[in-house]
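# Results of the structural survey
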Amino acid sequence: MALRQIVLDTETTGLEVSDGNRLIEIGAVELLERKITGKQFHYYLNPQRSIEEGALEVHGITEDFLQDKPVFADVSAEFLEFIQGAELVIHNAAFDLGFLDAELAMLANPPGQVSDFAVVLDTLELAREMHPGQRNSLDALCK
């Protein structure tokens, strides 16, 4: 069976899901045998709440821009279908999964967690194993 990976990243209204912060963007591309297939999943999302100043400084996505975008519930089935059976490749997976799992839990009929649909490879954990004691942000790793 061919190795199917989904490289995934999110943007949020703030850093802490426990403070009620929400997803505002999900971007994911599919790889088959480590080659880009052209299939992707990308949505901006209306979080139905304000965006923290610090988060806005990082991603530049404004509340005005998101007003007419779908809410997570509108794209959740498509998202789960896209990731089903894949290996998700995520840098600092705990962050993204915390937000994705919280969004899934808020659905009318919660389908479970992301880990029920896909396995997860955290590239931050890999980087820490390969480069202990060094900076392992994506920028630092690219350098």
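What counts and what doesn't
Residues numbered from 1 in each chain as written. Predicted model: local features only at pLDDT ≥ 70, side-chain atom pairs only at ≥ 80, totals over all residues. Heavy atoms only, no water. Core = buried A, V, L, I, M, F, W, Y, C linked by side-chain atoms within 4.5 Å. Buried < 20%, exposed > 50% of the residue type's maximum accessible area, 1.4 Å probe, protein only. Helix = DSSP H or I, 4+ residues; strand = E, 2+ residues; numbered from the N terminus. Contact = heavy atoms within 4.5 Å. Lys, Arg positive; Asp, Glu negative; His and termini not counted. Salt bridge = Lys/Arg side-chain N within 4 Å of Asp/Glu carboxyl O. Polar contact = N/O pair within 3.5 Å; in protein donor to acceptor, adjacent residues only side chain to side chain.

### Observations concerning the nonpolar core
Ile-26, Phe-72, Phe-79, Ile-83, Leu-100 and Val-114 are the most contacted members of the largest nonpolar core, which has 25 residues in total. Every element with two or more residues in this core is listed here: β1 (4-12), β2 (23-32), α3 (72-83), β4 (87-90) and α4 (93-105). The dominant element in this core, judged by the number of residues it contributes, is α3, at six residues. Discounting chain neighbours no more than four positions away, the residues touching Phe-79 are Leu-8, Ile-26, Phe-41, Leu-100 and Val-114.

### Describing the side chain of Asp-96
Considering the arrangement of structural elements, one finds Asp-96 in helix α4. One buried charge, Asp-96, has no salt-bridge partner; the nearest side chain with opposite charge is Arg-128, at 12 Å. A polar contact is formed between the side chain of Asp-96 and the side chain of Thr-10, at a distance of 2.5 Å. Beyond its immediate chain neighbours, meaning those up to four positions away, Asp-96 contacts Leu-8, Asp-9, Thr-10, Ile-90 and His-91.

### Side note on unusual backbone geometry
The backbone of Gln-48 shows a phi angle near 55°, a positive value even though the residue is not glycine. By the secondary structure assignment, Gln-48 is in the loop between β3 (35-44) and α1 (53-59). Not every positive phi belongs to a glycine, and Asn-92 is a case in point at roughly 65°. The residue Asn-92 is located in the loop between β4 and α4 in this model. You can call Asn-92 partly exposed: its relative accessible area is 33%.

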